[in-house]
Amino acid sequence: MKLYYADHFVLPLPEGHRFPMEKYARLRSRLLASGAFAEADFCVPDAASDDAILRAHDPAYLQRVARGTLDAAEVRRIGFPWSPAMVERSRRSAGATLAACRSALARDGGTACAVNLAGGTHHAHRDFGSGFCVFNDAAIAALAMRAEGRVRRVAIVDCDVHQGDGTAAILADDPEVFTCSLHGAKNFPFRKQTSDLDIELPDETGDTAYLAALDEALQSVFERAQPELVIYLAGADPYAGDRLGRLALSIDGLRLRDERVLAACRDAGVPVAIAMAGGYAEPINDTVTIHVNTVTTAARLLRDGA
């Protein structure tokens with residue numbers, strides 16, 4: 001199972017910035033130390049090309065990002081200061097989801113899986129970035145897999161605590177890419193978009209109610225979409241200790257969430273590419289633990305077809 005990383009492409013942030021950029025390097029370090037993966041399992045992805053990005057994004061927006069001509073309001077909406085390193089990091093993160101999709105689809109027989117150890121940048125819209133998201137990696141990858149003739153039908157299962165508004169908007173007119181989002185009803189973004197399936201959950205939902213809603217959602221996704229590839233956004237931010245969460249899931253509840261999604265893919269024989277998406281817990285190691293659990297659960301359930 002290939003794990004794609006770009007944490008060494010550092011996005012410089014000012015002191016006190018609330019985005020936990022260090023979680024990505026900590027995640028890779030923890031996975032390496034676990035003994036569950038070999039050095040060769042970790043791969044540096046190519047940067048997403050202009051052609052790949054432009055299937056999901058407006059050319060003028062890509063030019064403003066690449067040339068550093070975003071205006072002050074656009075930069076504030078993204079939440080990151082512009083720099084050449086920010087552009088490269090964003091391209092590499094999108095490239096990691098592209099690589100994970102291609103890797104998962106390359107295996108002959110059985111259910112294959114690959115992981116982007118970052119990604120899940122689902123608030124990026126066609127012509128603007130938002131909420132720490134510059135390029136929408138899931139939309140870019142889904143459209144690329146279709147354009148490359150690898151699959152016809154893709155499902156994006158978004159379990160970040162925030163709605164995948166950019167993903168829903170970009171893919172609204174593509175009937176072959178099914179978007180599903182389970183998210184907090186009262187959380188960001190406050191102006192929601194319309195996914196193919198939106199499950200809006202109240203604050204303090206907790207493990208039991210969340211998993212029941214997820215089971216219903218997964219049944220609907222596989223019946224309605226009949227996907228040939230699933231892109232799974234495994235956000236750590238539904239966690240009870242997350243600063244931006246409020247759904248009150250436990251770490252074990254999030255591990256069970258991962259098992260539900262990945263077992264559904266396994267049982268349907270559908271390859272899956274995983275992206276980490278959000279996570280803002282204090283201490284940061286709680287977020288890292290949730291992400292580690294996602295990756296090790298995938299290895300256990302899918303890599304060997306267990």
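Given the structure is predicted, the values throughout are model-derived calculations rather than measurements.

Section: the pattern of salt bridges
- Throughout the structure, instances matching the rule amount to 18 salt bridges.
- For R246, the salt bridge identified is with D203, shortest N-O distance 3.1 Å. Of this pair, R246 sits in the loop between β7 (229-233) and α9 (251-268) while D203 is found in the loop between β6 (197-201) and α8 (206-225), placing the two residues 43 residues apart along the sequence.
- Of the residues examined, R246 reaches a relative accessible area of 37% and is grouped as partly exposed.
- Here D203 falls in the partly exposed class, since its relative accessible area comes to 33%.
- Between R260 and D215 there is a salt bridge, with the nearest N and O atoms lying 2.9 Å from each other. Within this pair, whereas R260 is found in helix α9, its partner D215 is found in helix α8, the two being separated by 45 residues in sequence.
- On the basis of relative accessible area, R260 is assigned to the partly exposed category, the value being 31%.
- Residue D215 is classed as partly exposed on the basis of its relative accessible area, which comes to 33%.
- Residues participating in the shared-partner salt-bridge network are D252, R255, E259 and R300.

Some details on the side chain of D174
- Within the secondary structure layout, D174 lies in the loop between α7 (165-170) and β5 (177-184).
- Polar side-chain contacts of D174 include one of 3.4 Å to the side chain of R146.
- Within the local environment of D174, its side chain forms a polar contact with the backbone nitrogen of E176, the two atoms lying 3.0 Å apart.
- Setting aside residues up to four positions removed in sequence, D174 forms contacts with L143 and R146.

Side note on the sheet that holds β5
- As summarised here, the arrangement of the eight strands in space is β2-β1-β3-β8-β7-β4-β5-β6, forming an open sheet in which the pairing is parallel. Each having just a single partner strand, β2 (42-43) and β6 make up the two edges of the open sheet.
- Bridging between strand β1 (residues 3-4) and strand β3 (residues 113-116) involves two bridges; their strand directions are parallel. Each residue of the ladder has a partner; that of L3, found in β3, is V115.
- Against the sheet, α8 engages β4 (154-158), β5, β6 and β7, with an angle of about 170° to β5.

So, the packing of α8 against α9
- With their axes 10 Å apart at the nearest point, α8 and α9 run at an angle of 15° to one another. Classed by the angle they form, the pair α8 and α9 counts as roughly parallel. Our pair here, α8 against α9, has a crossing hand that is right-handed. Here α8 contributes D207, Y210, L211, L214, D215, L218 and F222 to the contact with α9, which in turn contributes G253, L256, R257, R260, V261, A264, C265 and A268.
- Its residues placed into classes, the contact of α8 with α9 shows 10 nonpolar, one polar and four charged.

Focus: helix α3 (residues 59-67)
- Y61, L62 and V65 are the residues of α3 that are buried. Buried residues in α3, looked at end-on, bunch into an arc of 100°, giving them a common side.
- On the buried face of α3, the contacting elements are α2 (50-54), α4 (72-78) and α5 (84-106).
- Positive backbone phi, approximately 75°, marks G68, located one or two places after α3.

The rules behind these values
Residues numbered from 1 in each chain as written. Predicted model: local features only at pLDDT ≥ 70, side-chain atom pairs only at ≥ 80, totals over all residues. Heavy atoms only, no water. Salt bridge = Lys/Arg side-chain N within 4 Å of Asp/Glu carboxyl O. Helix = DSSP H or I, 4+ residues; strand = E, 2+ residues; numbered from the N terminus. Buried < 20%, exposed > 50% of the residue type's maximum accessible area, 1.4 Å probe, protein only. Polar contact = N/O pair within 3.5 Å; in protein donor to acceptor, adjacent residues only side chain to side chain. Contact = heavy atoms within 4.5 Å. Pairing = 2+ DSSP bridges. Axes fitted to C-alpha atoms, helices over the stretch in contact; angles between N-to-C directions. Parallel < 35°, antiparallel > 145°, perpendicular 65-115°, else oblique. Left-handed = near helix turned anticlockwise from the far one by under 90°. Nonpolar A, V, L, I, M, F, W, Y, C, P; charged D, E, K, R; others polar. Arc of directions from axis to C-beta.

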